[in-house]
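Close look at the chain arrangement
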Amino acid sequence: MQSKSFSALILIAILALVGSNSLYIVNETERAIKLKFGEIIDSDIKPGLHFKLPVLHTIRKFDARILTMDSRPQRYLTLEKKAVIVDSFIKWRIADVQQYYEATSGDELVAARLLAPRMDEGLRNQFGERTMYEVISGERDELMDELTVRLNTITQDELGIEIRDIRVKRIDLPPEVSHAVFERMNTERQREAREHRSEGKEIAEGIRADADRQRQVVLAEAFRESERIRGEGDAVAAATYANAYTKNPEFYSFIRSLEAYRNSFSSKSDVMVLKPESEFFNYMKKSQ
């Protein structure tokens, strides 16, 4: 009885071992292939629980997510033969599992080694077709999109890899060029500053000249208006004097003489030489 129980336990253990080696799971983030003595017999295994024959079959799983490969900064020449240091990266994923396995043996490091020279060649060609200004600011997105399309066609045909995106993280100038470029940019900025200052001075002179002209116009109009008012005042005063003279000429003459005396003798230092019989002293003579 005990021998039968022990045999049953051994049988169960064997079945469990066989079952664990016969069943396998492919996750949603994975791609898998089935090999029979190293030969691919199933290259499109869907996610889920699957069965295999132990020893006879081998399952290889690969990461099906989008992967990132950082490239080392490389030196490229632009259309004007100017050197730039480019730091870039590439986003890729497995498109054809069988072709990917045959080209790389399923090793991501091998895939990176195969991608790197192709990306380097593509960037070198793209930068060589564009000027410094275009690759720095004007056409960087267009350059990356065009390179992505071209490289994707090659890698899908040769490696079973889909290129999702290629981006340039930064573009630097070589150390021997940076100083010269900085000096040239500094000179250019100084020239622009001088032009702006010159334009500002010219505008300031125009504003100042216009203000002076407006000042002269205002002063002239004010003087003209004051002369007009003074003239009108003098006319009113003359009319008043004439009206007073016609009413009492003798009194008017007396008042005018008093004003003349007051104005003539207002300062002790004034000296006036007249004959005693002059009409100027008429009212002085009458007062004696």
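Everything below is about the structure shown above.
Below you will find a few notes about this structure. (Residues numbered from 1 in each chain as written. Predicted model: local features only at pLDDT ≥ 70, side-chain atom pairs only at ≥ 80, totals over all residues. Heavy atoms only, no water.)

**Notes on the overall build of the protein**
Across its full length, the protein carries 8 helices and 9 strands. Intrachain contacts of the protein at a sequence separation of at least 6 include 60% that bridge at least 24 residues. Carbon and sulfur atoms make up 56% of the accessible area of the protein, which totals about 20200 Å². (Helix = DSSP H or I, 4+ residues; strand = E, 2+ residues; numbered from the N terminus. Contact = heavy atoms within 4.5 Å. Areas by Shrake-Rupley, 256 points an atom, 1.4 Å probe, with all protein chains shown as cover.)

**A short note on the packing of helix α3 (residues 108-128) against helix α5 (residues 140-158)**
Helix-helix packing: each pair is described by the crossing angle between the helix axes and the interaxial distance. Two elements in contact, α3 and α5, have axes separated by 10 Å at closest approach and are oriented at 145°. Seen from above, α3 lies across α5 with right-handed handedness. Between α3 and α5, the residues in contact are Leu115, Arg118, Met119, Gly122, Leu123, Gln126 and Phe127 and Leu143, Met144, Glu146, Leu147, Arg150, Leu151, Ile154, Thr155 and Glu158, respectively. Looking at the contact of α3 with α5, its residues break down into 9 nonpolar, 3 polar and 4 charged. (Axes fitted to C-alpha atoms, helices over the stretch in contact; angles between N-to-C directions. Left-handed = near helix turned anticlockwise from the far one by under 90°. Nonpolar A, V, L, I, M, F, W, Y, C, P; charged D, E, K, R; others polar.)

**Thoughts on unusual backbone geometry**
Even without a glycine there, the phi angle at Lys81 is positive, about 65°. Secondary-structure assignment places Lys81 in the loop between β7 (74-77) and β8 (83-94). Its identity is not glycine, yet Ser105 carries a phi of approximately 60°, on the positive side. Checked against the element boundaries, Ser105 lands in the loop between α2 (97-104) and α3.

**Considerations on the sheet that holds strand β5 (residues 57-63)**
Read from one edge of the open sheet, 3 strands run β3-β2-β5, paired in antiparallel fashion. One side of each edge strand has no neighbouring strand; the edge strands of this open sheet are β3 (39-45) and β5. Pairwise comparison of adjacent strand axes, ignoring direction, gives a mean angle of 25° for this sheet. In the sheet, strand β2 (residues 30-36) pairs with β5 via 7 bridges, with the strands oriented antiparallel. Following the sheet pairing, Lys36 is matched in β5 by His57. (Pairing = 2+ DSSP bridges.)

**Description of α2**
All of the buried residues in α2 are Val97, Tyr100, Tyr101 and Thr104. Around the axis of α2, the buried residues are gathered within 95° of arc, so they sit on the same side. In this structure, the buried residues of α2 make contact with β2, β3, β5, β8, α3 and β9 (161-172). The opening residue of α2 is Asp96, an N-cap whose side-chain oxygen sits 3.2 Å from the backbone nitrogen of Gln98. Phi for Ser105, located one or two positions after α2, is positive at around 60°. (Buried < 20%, exposed > 50% of the residue type's maximum accessible area, 1.4 Å probe, protein only. Arc of directions from axis to C-beta. Polar contact = N/O pair within 3.5 Å; in protein donor to acceptor, adjacent residues only side chain to side chain.)

**Quick notes on the packing of aromatic side chains**
By the definition in use, this model includes 4 aromatic pairs. Each ring, one from Tyr76 and one from Phe127, has its centre 5.6 Å from the other, and the planes form 20°; the classification is stacked. Of this pair, Tyr76 sits in strand β7 while Phe127 sits in helix α3; the two residues are 51 residues apart in sequence, bridging distant segments of the chain. In terms of burial, Tyr76 and Phe127 fall into one category: buried. A network of ring pairs unites the aromatic residues Phe62, Trp92, Tyr100 and Tyr101 as a single cluster. (Phe/Tyr/Trp six-rings, centres within 6.5 Å; stacked < 30°, edge-to-face > 60°.)

**Notes on the environment of Glu129**
With respect to the helices and strands, Glu129 occurs in the loop between α3 and α4 (132-138). Judged by relative accessible area, which is 44%, Glu129 ranks as partly exposed. With 14 residues separating them along the chain, Glu129 and Leu143 place their C-alpha atoms 9.7 Å apart. When neighbours within four sequence positions are excluded, Glu129 is seen to be in contact with Leu79 and Arg150.

**Description of the pattern of salt bridges**
Applying the stated criterion to the full structure yields 20 salt bridges. A salt bridge links Glu227 to Arg230, with the shortest nitrogen-to-oxygen separation between them at 2.6 Å. Of this pair, Glu227 and Arg230 both sit in helix α6 (residues 175-247), 3 residues apart, roughly one helical turn. For Glu227, a relative accessible area of 34% corresponds to the partly exposed category. (Salt bridge = Lys/Arg side-chain N within 4 Å of Asp/Glu carboxyl O.)

**Some thoughts on the side chain of Gln126**
Residue position: Gln126 is located in helix α3. Residue Gln126 is classed as buried on the basis of its relative accessible area, which comes to 1%. One polar contact links Gln126 to Arg130, side chain to side chain, over a distance of 2.7 Å. Setting aside anything within four residues of it in sequence, one finds Gln126 in contact with Leu143, Glu146, Leu147 and Arg150.

**So, the environment of Thr68**
Among the secondary structure elements, Thr68 is positioned in strand β6 (residues 67-70). For Thr68, a relative accessible area of 44% puts it in the partly exposed group. When the C-alpha positions of Thr68 and Lys91 are compared, they lie 4.7 Å apart, and in sequence the two are 23 residues distant. Excluding anything up to four places from it in sequence, Thr68 contacts Phe89, Ile90 and Lys91. Of note is the side chain of Thr68, whose polar atom sits 2.6 Å from the side chain of Lys91.

Spatial relationships are all this shows, so hold off on functional conclusions.
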